[in-house]
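# Close look at the chain arrangement
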Amino acid sequence: MSKFRNFKMVDYVIYGRGSFNQLDEILSPNRKGDSPMIFLVDHFFEGKTLPGRIPLQGKDKIIFADVTNEPKTTYVDKISQELKDEFGTVSGLIGIGGGSAMDLAKAVSLMMTNPGSSADYQGWDLVKFPGVYKAGIPTLSGTGAEVSRTTVLTGPVRKLGMNSDFTPFNQIVLDPELVANVPKNQRFYTGMDCYIHCIESLQGTYLNEFSKSYGDKALDLCQEIFLEKDSWDDDSDDKLMMASYAGGMSIAYSQVGVAHAVSYGLSFLLGTRHGVGNCIVMDHLEEYYPQGTAEFKRMVEKNEVEIPKGICYGLTDEEFDKMIDVSLGMKPLWENALGKDWEKIMTRTKLRELYEKL
Ligand code: NAD
Ligand code: ZN
């Protein structure tokens, strides 16, 4: 394998309050004849004003994405098959929502041109053909899904992304007006995903100056908005949106670590959502990230949010084993966190003890 990754980035970025209003002119050059643009909109916005602001033309269609659960390969396959049946081909997919809606749009775009099931492409560089045009418009800040080269899907056998150079968006629209009014707990959980990306990247053995530069900036922004400011305001939304972007750029060239590796086990077995799952784990990582964990606890207290406790209480040995298998399978995350000899440090017994605390 080559020593340095040559990574594909998002093609176009627009940032600013009200930038969503430029969507029509942004999409126009990317329309192919009368093939429609498909807007995959987080179902939270059904019946709200946002869908009315979407610049629909011709056969364009809004699909409200059911994100009750995080995206599954079966759901991606269903949407892409229905679009093929209805339109043959489409001009593009526009994902509007949190990490789930954005990931769905990426995956459906890829499945419009790649044969088989999205489950066939869970892994690294398995996608064969570029998808159709795709744009991401976050309405929740933190995951970094807007910049990443993956789309995280739960499939029949694994929870794993379609990681490829064809996965990043062609366009992202970062409009902080769209994240106004996210409920406090959700905003915190997804915001902490960004904070945790920073800690895991900055404390990881894969760190390099590229990742550090972005990680340092994102961490500063998180500290300012979650610890230093007295109350949440528009400026906080502006900053968290950029923190998410920078945090995503930081892990693009490094890797996440212990919180993510352990949290993947929770979400696979218990369906725990990504943001809150990371928070549940981060609450117990003094041994690995002493400063980050202490600061995380101060953020929880200052922002007056609840981190669920006792979610592994009463699980069977088989269930613990399943989570441990999933977690230990995330080898690059462990290697980044603990170094080449991570297997000597993170034994099954030790990981079981950690899960039992959650
Ligand atoms: P989410 O997209 O799962 O949404 C969480 C909840 O917030 C949903 O109920 C949604 O309807 C609601 N919501 C969205 N926007 C809202 C708004 N403006 N106001 C009120 N409610 C709103 O949450 P998330 O934390 O953004 O994303 C998590 C997902 O992202 C997971 O599926 C995870 O696997 C994925 N993820 C992907 C990457 C990547 O690089 N591709 C990285 C991290 C996480
Ligand atoms: Zn994350």
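See the structure printed just above.
Residues numbered from 1 in each chain as written. Chains lettered and ligands numbered in written order. Predicted model: local features only at pLDDT ≥ 70, side-chain atom pairs only at ≥ 80, totals over all residues. Heavy atoms only, no water.

### With respect to the overall build of the protein
Looking only at helices and strands, the protein features 13 helices and nine strands. Here the C-alpha coordinates of the protein stretch approximately 60 × 45 × 45 Å along the principal axes. Counting across all 358 residues of the protein, residues that qualify as buried make up 56%. Residue pairs at least 24 apart in sequence account for 76% of intrachain contacts in the protein once pairs closer than 6 positions are excluded. Within the structure as shown, the protein displays about 15500 Å² of accessible surface, and the carbon and sulfur contribution to it stands at 52%. (Helix = DSSP H or I, 4+ residues; strand = E, 2+ residues; numbered from the N terminus. Buried < 20%, exposed > 50% of the residue type's maximum accessible area, 1.4 Å probe, protein only. Contact = heavy atoms within 4.5 Å. Areas by Shrake-Rupley, 256 points an atom, 1.4 Å probe, with all protein chains shown as cover.)

### With respect to the sheet that holds strand β7 (residues 152-154)
Taken in spatial order, the three strands of this open sheet run β5-β8-β7, and their pairing is mixed. In this open sheet, the two strands that pair with only one neighbour each are β5 (123-124) and β7. As paired strands, β5 and strand β8 (residues 159-163) are joined by two bridges and run parallel to one another. Pairing of Trp124 across the sheet is with Asn163, part of β8. (Pairing = 2+ DSSP bridges.)

### Describing the coordination of the zinc ion (ligand 2)
Around the zinc ion (ligand 2), the protein supplies Asp193 (OD), His197 (NE2), His260 (NE2) and His274 (NE2) as donor atoms, at distances of 2.1 to 2.2 Å. Because the angles between the four donor atoms bound to the zinc ion (ligand 2) fall within 86 to 170°, the donor set is best described as irregular. Here the donor residues of the zinc ion (ligand 2) share one chain and are spaced in sequence as D-x3-H-x62-H-x13-H. Residue His197 is located in helix α4 (residues 184-202), and its partner His274 is located in helix α8 (residues 274-282); the two are separated by 77 residues in the primary sequence. (Donors = N, O, S within 2.8 Å, 3.2 Å for Na, K, Ca; no water. Tetrahedral: all angles 85-135°; square planar, octahedral: opposite > 155°, others 65-115°.)

### Overview of the pairing of strand β2 (residues 37-42)
Among the six residues that make up β2, six are buried, leaving the element largely enclosed by the rest of the structure. Along β2, one buried face is formed by Met37, Phe39 and Val41 and the opposite face, lined by Ile38, Leu40 and Asp42, is buried too. In this sheet, strand β4 (residues 92-97) lies alongside β2 in parallel orientation, the contact comprising five bridges. In the strand pairing of β4, Leu40 is matched with Gly95.

### Quick notes on the nonpolar core
Formed by 57 residues in total, the largest nonpolar core has its most connected members in Phe188, Trp334 and Tyr355. The biggest single contributor to this core is α4, with nine residues. Not counting residues up to four positions away in its chain, the partners in contact with Trp334 are Val258, Ala261, Val262, Ser327, Leu328, Gly339, Trp342, Met346 and Leu351. With 23 residues, the next largest nonpolar core counts Ile63, Ile79, Ala105 and Ala107 among its residues. (Core = buried A, V, L, I, M, F, W, Y, C linked by side-chain atoms within 4.5 Å.)

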